[in-house]
Amino acid sequence: SKMFIFNRHNAVRMKLCRRYSSKGHRRIVFLSHDKELHSFKVKQFRKAAEIVGMEFGSPEFDYCGRFDFEFNPDRLVRIFKKNKATAIFSRSDSILFEFMSKLSVYFPETAGMDRIGCFNSLWSQIPGKEFSSFAIDWELAWKQVIARQNEQDPEWFSAKLIER
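How each quantity is defined
- Counting from 1, residues in each chain are numbered in the order their sequence is written.
- Under the rules for a predicted model, residues below a pLDDT of 70 receive no local features and side-chain atom pairs below 80 are neither given nor counted, while totals for whole chains, interfaces and linings still include all residues.
- The basis for the side-chain values is all heavy atoms of the structure; hydrogens and waters are excluded.
- Put simply, DSSP H or I for four residues or longer makes a helix, DSSP E for two residues or longer makes a strand, and each gets a number counted from the N terminus.
- Whether two residues touch is decided by their heavy atoms; if any such pair falls within 4.5 Å, the residues are in contact.
- One confidence number per residue, pLDDT, is output by the predictor and ranges from 0 to 100.
- Between the rings of Phe, Tyr and Trp (Trp by its six-membered ring), a pair exists once the centres lie within 6.5 Å; its type follows the angle of the planes, with under 30 degrees stacked, over 60 edge-to-face, and the other angles tilted.
- Partly exposed residues are those whose accessible area sits between 20% and 50% of the maximum for their type, while under 20% is buried and over 50% is exposed, using a 1.4 Å probe and protein chains only.
- Charges are assigned to positions over rings by a cutoff of 6 Å between ring centre and Lys NZ or Arg CZ, combined with an angular limit of 35 degrees from the ring normal.
- Here the rule is simple: two strands pair whenever DSSP picks up at least two bridges between them.
- Axis definition: a line fitted to C-alpha atoms, over the contacting stretch in the case of helices. Angles run 0 to 180 degrees between N-to-C directions.
- The span you would expect from a helix comes to 1.5 Å times its residue count less one.
- By definition, the crossover connecting two strands over a helix is right-handed if that path, from the first strand to the second, turns clockwise as seen with the strands pointing away from the viewer.
- To form a nonpolar core, buried Ala, Val, Leu, Ile, Met, Phe, Trp, Tyr and Cys residues must be joined to one another through side-chain atoms within 4.5 Å.

## Notes on the environment of I162
Right, on to step 1. On the secondary structure map, I162 appears in strand β8 (residues 160–162).
Right, on to step 2. As a C-alpha pair, I162 and S132 span 30 residues in sequence and 5.6 Å in three-dimensional space.
Right, on to step 3. Residue contacts for I162: discarding those within four places in its chain leaves N120, S132, S133 and A135.

## What to know about the confidence of the model for the chain
Low pLDDT marks regions whose predicted coordinates should not be analysed in detail.
Right, on to step 1. Per-residue confidence for the chain gives a mean pLDDT of 85, with 84% of residues at or over 70.
Right, on to step 2. Taken element by element, the predicted model of the chain shows its lowest mean pLDDT in strand β1 (residues 4–6) (44) and its highest in helix α4 (residues 73–82) (97).
Right, on to step 3. Within the model, pLDDT remains below 50 along residues 1–7, and this stretch shows 29 contacts once partners closer than five positions in the same chain are excluded.

## Here's the deal with the packing of aromatic side chains
Right, on to step 1. Within the structure shown, the criterion is met by 14 aromatic pairs.
Right, on to step 2. For the pair F61 and F89, a centre-to-centre distance of 6.2 Å together with 45 degrees between the ring planes defines the contact as tilted. Of this pair, F61 sits in strand β3 (residues 61–65) while F89 sits in strand β4 (residues 87–90), placing them 28 residues apart in sequence. Residues F61 and F89 agree in their burial class; the two are buried.
Right, on to step 3. Look at F80 and F107: their rings are 6.2 Å apart centre to centre, the planes differ by 35 degrees, and that puts the pair in the tilted class. With F80 in helix α4 and F107 in the loop between α5 (93–106) and β5 (114–118), the pair connects residues that are 27 residues apart, well separated along the chain.
Right, on to step 4. On the accessibility criterion, F107 (8% relative accessible area) is buried.
Right, on to step 5. Grouping aromatic residues by their ring pairs yields a cluster made of Y20, F30, F45, F56, F61, Y63 and F89.
Right, on to step 6. We note K35 situated over the ring of F71; from NZ or CZ to the ring centre the distance is 3.9 Å.

## Details of the sheet that holds β3
Right, on to step 1. Pairing is mixed in the open sheet, where six strands are placed in the order β3-β2-β4-β5-β6-β8. Whereas interior strands pair on both sides, the edge strands pair on one side only; in this sheet they are β3 and β8. Ignoring strand direction, the axes of neighbouring strands in this sheet form an average angle of 25 degrees.
Right, on to step 2. In terms of strand pairing, strand β2 (residues 28–32) meets β4 through four bridges, oriented parallel. The residue of β4 that forms the bridge with L31 is S90.

## Section: α5
Right, on to step 1. Taking 1.5 Å of rise per residue, 14 residues should cover 20 Å, and α5 covers 20 Å from first to last C-alpha, within 8% of that figure.
Right, on to step 2. Listed as buried for α5 are D93, I95, L96, F97, F99, M100 and L103.

## With respect to the pairing of β4
Right, on to step 1. Judged by which residues are buried, β4 turns out to be covered on both faces: A87 and F89 on one side and I88 and S90 on the other are all buried.
Right, on to step 2. For the crossover from β4 across α5 to β5, the handedness is right-handed.

## Re the environment of F61
Right, on to step 1. Judged by its relative accessible area of 0%, F61 is buried.
Right, on to step 2. Placed 35 residues apart in sequence, F61 and R26 show a C-alpha to C-alpha distance of 7.2 Å.
Right, on to step 3. Sequence-distant contacts of F61, defined by excluding residues within four places in its chain, comprise C17, I28, F45, A49, M54, E55, F56 and F89.

## Points about the nonpolar core
Right, on to step 1. Counting residues in hydrophobic clusters, the biggest one holds 25 residues, and the most contacted among them are F56, F61, F89 and F134.
Right, on to step 2. Of all the secondary structure elements, the ones that give two or more residues to this core are α1 (8–22), β2, α2 (39–51), β3, β4 and β5.
Right, on to step 3. It is α1 that provides the largest number of residues to this core, a total of five residues.
Right, on to step 4. With sequence-adjacent residues up to four places away left out, F89 is seen in contact with L16, Y20, I28, V29, F30, L31, F45, F61 and I116.
Right, on to step 5. The next biggest cluster of nonpolar side chains, apart from the first, holds 18 residues, and it includes L76, A85, F97 and M113.

Below, the structure written as structure tokens:
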């Protein structure tokens, strides 16, 4: 049967690291869905960062959790006040929108930071609050899965960055 490979997370990590690095960002933050990152995610981020000459888990490339306002405010102070992060990304437009709304109240200096979400949903397109987002062509992906289910070669799909 056809092997279908949709490499969304790994492709997005690499594209983000390359984009932010090429724009000169040296204080990047990944906004996690979780309170703490799972070990497999840490490993994947370390690899992506290494490829572009960065170190994940350092001030130049760190992470925070979507619930840090409630559970880990000290981490937010370290990342956004002390280390002065300049770019943030999340694998969800809605989570990034909600987080940035709170962040701009507590740390007004972050209001203009470079932001990238995922899914290119309405949350990344609100007038006056737009941010770049990765778009996934789900219709194409599923058409490929169904049409090629009996072939042997894998089919790769990746998300496309919609810049705003």
